[in-house]
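Okay, here's what each chain looks like letter by letter:
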Amino acid sequence: MAIDSAAIKEHIRGLLIALGDDPDREGLKDTPERVAAMYQEVFEGMNYSNHEIAEMFDKTFEDELDFDDDSKDIVVVKDIEIFSYCEHHMALMFDMKVNVAYIPNGRVIGLSKIARVADMVSKRLQLQERIGTDIAEIMQEITGSEDVAVTIEGSHSCMSARGIKKAGAKTYSTTLRGRFKTDPNLQFYLR
Ligand SMILES: Nc1nc2c(ncn2[C@@H]2O[C@H](COP(=O)(O)OP(=O)(O)OP(=O)(O)O)[C@@H](O)[C@H]2O)c(=O)[nH]1
Ligand SMILES: [Zn+2]
C-alpha cells in the first residue's frame with residue numbers, strides 16, 4: 001500500500017487550522033507539502049510487509065552478492081542508529097541503537113543489509129518491542145537461520161517531552177530466537 005501524499009497534505013492543512021493557526025501565512029504555506037514529503041521518507045517502511053522487505057534484500061543478494069558460506073560463526077552488528085515513531089502518539093523515538101546477532105545457516109549476508117533492514121522497519125509507526133520482532137523475522141527469512149537476536153535501546157519523546165516527562169529514561173528491549181533463546185551463553189554476544 002502506497003503512502004497517500006495528497007491526503008496527508010490535506011490533513012496537515014486541517015490540523016494547522018484545528019490548532020488555531022493560519023495555514024496560508026508565510027511560514028506555514030508550504031508546511032503541508034513538506035510534512036507529506038517528510039512522511040514519505042520517515043514512513044517508507046509502511047509501504048512494505050516484512051516478507052516484502054525480506055524479498056527486496058533477497059533480490060539484491062542475487063544481483064550483487066554471493067556470500068554463500070559454510071560458516072556457523074556468530075555475526076554481531078552493534079550500535080546501528082535508527083529513529084522511529086511510536087504508534088500511540090506518533091512521537092519520535094530517538095537515540096536508538098540496535099544490535100543484531102545471528103548464526104549463519106549456509107548464508108552470510110552483507111553487513112550493510114542488516115542495517116538496512118533495521119532502518120526499513122523503524123520507518124513505520126512502531127513499538128520498540130515490535131521493531132525487534134520485525135528485524136528478527138526478516139533476518140530469519142533472509143538468512144534461513146532460526147538463530148537471531150536483537151537488542152534495542154531507545155528514548156521515547158512521548159515519555160520525555162510530555163506525559164510522565166522522564167527525560168533521561170531509556171528503554172531496553174530484547175528479542176531472542178532459536179538458540180539465542182535456549183542457550184544463555186550466546187546472550188553474551190549481545191552485551
Ligand atoms: N510497550 C511500549 N509502550 C510504549 C512505546 N512507546 C510508547 N509507549 C507507551 O504507551 C502508553 C500509551 O498509554 P496511554 O495511557 O494509552 O496514553 P497516555 O494517556 O498518553 O499515556 P501517558 O504517556 O502515560 O500520558 C504509554 O505508557 C507510553 O509510554 C513502546 O515502544 N512500547
Ligand atoms: Zn508514545
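Just so it is clear, the structure is predicted and the values come from calculations on it, not from any experiment. (Residues numbered from 1 in each chain as written. Chains lettered and ligands numbered in written order. Predicted model: local features only at pLDDT ≥ 70, side-chain atom pairs only at ≥ 80, totals over all residues. Heavy atoms only, no water.)

**Topic: the site of ligand 1**
In step 1: Around ligand 1 sit Cys-86, His-88, His-89, Leu-127, Gln-128, Glu-129, His-156, Cys-158, Met-159 and Arg-162, and that is every residue in its neighbourhood.
In step 2: A distance of 2.8 Å separates an oxygen atom of ligand 1 from a polar side-chain atom of His-89.
In step 3: In this structure, Glu-129 approaches ligand 1 through a side-chain N or O atom, which is 2.7 Å from a nitrogen atom.
In step 4: Protein contact buries 52% of the 630 Å² of open area that ligand 1 shows by itself. (Near = heavy atom within 4 Å. Polar contact = N/O pair within 3.5 Å; in protein donor to acceptor, adjacent residues only side chain to side chain. Areas by Shrake-Rupley, 256 points an atom, 1.4 Å probe, with all protein chains shown as cover.)

**Considerations on the UniProt feature "binding site: Zn(2+)" (unreviewed entry) in the protein chain**
In step 1: When the UniProt feature table is mapped to this numbering, "binding site: Zn(2+)" (unreviewed entry) covers Cys-86, His-89 and Cys-158. For this annotated set, covering 73 residues, all C-alpha atoms fall within 8.0 Å of each other, a compact arrangement in space.
In step 2: Within the secondary structure, Cys-86 sits in strand S1 (residues 75–86).
In step 3: Given a relative accessible area of 4%, Cys-86 falls into the buried group.
In step 4: Setting aside its immediate chain neighbours within four residues, Cys-86 contacts Ala-91, Met-93, Leu-125, Gln-126 and Cys-158.
In step 5: Along the polypeptide, Cys-158 turns up in helix H6 (residues 157–160).
In step 6: Filtering out sequence-adjacent residues up to four positions away, Cys-158 remains in contact with Cys-86, His-89, Ala-91 and Gly-163. (UniProt positions renumbered as here; feature names shortened; annotations may be inferred. Helix = DSSP H or I, 4+ residues; strand = E, 2+ residues; numbered from the N terminus. Buried < 20%, exposed > 50% of the residue type's maximum accessible area, 1.4 Å probe, protein only. Contact = heavy atoms within 4.5 Å.)

**A closer look at the side chain of Thr-31**
In step 1: As for its placement among the helices and strands, Thr-31 is situated in helix H2 (residues 31–42).
In step 2: A distance of 3.5 Å separates a polar side-chain atom of Thr-31 from the backbone oxygen of Gly-27.

**A look at the nonpolar core**
Across soluble globular proteins, nonpolar side chains show a tendency to be buried alongside one another.
In step 1: Ile-80, Val-98, Ile-114, Ile-131, Ile-135 and Met-139 are the most contacted members of the largest nonpolar core, which has 30 residues in total.
In step 2: Mapped by element, the contributors of at least two residues to this core are helix H3 (50–64), S1, strand S2 (92–102), helix H4 (111–122), helix H5 (128–143) and strand S4 (148–156).
In step 3: Among the elements that line this core, the one with the most residues is H5, at six residues.
In step 4: In this structure, Ile-135 is in contact with Val-98, Val-100, Val-117, Ala-118, Val-121 and Val-150, ignoring residues within four places of it in sequence.
In step 5: Counting residues in each nonpolar core, the second largest holds eleven residues, with Ile-3, Ile-8, Leu-16 and Ala-36 among its members. (Core = buried A, V, L, I, M, F, W, Y, C linked by side-chain atoms within 4.5 Å.)

**Notes on the coordination of the zinc ion (ligand 2)**
In step 1: Coordination of the zinc ion (ligand 2) by the protein comes from Cys-86 (SG), His-89 (ND1) and Cys-158 (SG), over a distance range of 2.1 to 2.4 Å.
In step 2: Each donor residue of the zinc ion (ligand 2) lies on one chain, and together they are spaced C-x2-H-x68-C. (Donors = N, O, S within 2.8 Å, 3.2 Å for Na, K, Ca; no water.)

**Some remarks on the pattern of salt bridges**
In step 1: Evaluation of the coordinates by the stated rule reveals ten salt bridges.
In step 2: Of the charged contacts in the structure, one is a salt bridge between Asp-30 and Lys-29, with a shortest N-O distance of 3.7 Å.
In step 3: Between Glu-153 and Lys-170 there is a salt bridge; the shortest N-O distance is 2.8 Å. Of this pair, Glu-153 sits in strand S4 while Lys-170 is found in the loop between H6 and strand S5 (171–176), placing the two residues 17 residues apart along the sequence.
In step 4: On the basis of relative accessible area, Glu-153 is assigned to the partly exposed category, the value being 23%. (Salt bridge = Lys/Arg side-chain N within 4 Å of Asp/Glu carboxyl O.)

**A word on the packing of H4 against H5**
In step 1: H5 packs onto H4 with a crossing angle of 135° between their chain directions and a minimal axis gap of 9 Å. By the criterion of interaxial angle, the relationship of H4 to H5 is oblique. Between H4 and H5 the crossing geometry is right-handed. Seen from H4, the contacting residues are Ile-114, Val-117, Ala-118 and Val-121; seen from H5, they are Ile-131, Asp-134, Ile-135, Ile-138, Met-139 and Ile-142.
In step 2: Classifying every residue of the contact of H4 with H5 by side-chain character gives nine nonpolar, no polar and one charged. (Axes fitted to C-alpha atoms, helices over the stretch in contact; angles between N-to-C directions. Parallel < 35°, antiparallel > 145°, perpendicular 65-115°, else oblique. Left-handed = near helix turned anticlockwise from the far one by under 90°. Nonpolar A, V, L, I, M, F, W, Y, C, P; charged D, E, K, R; others polar.)

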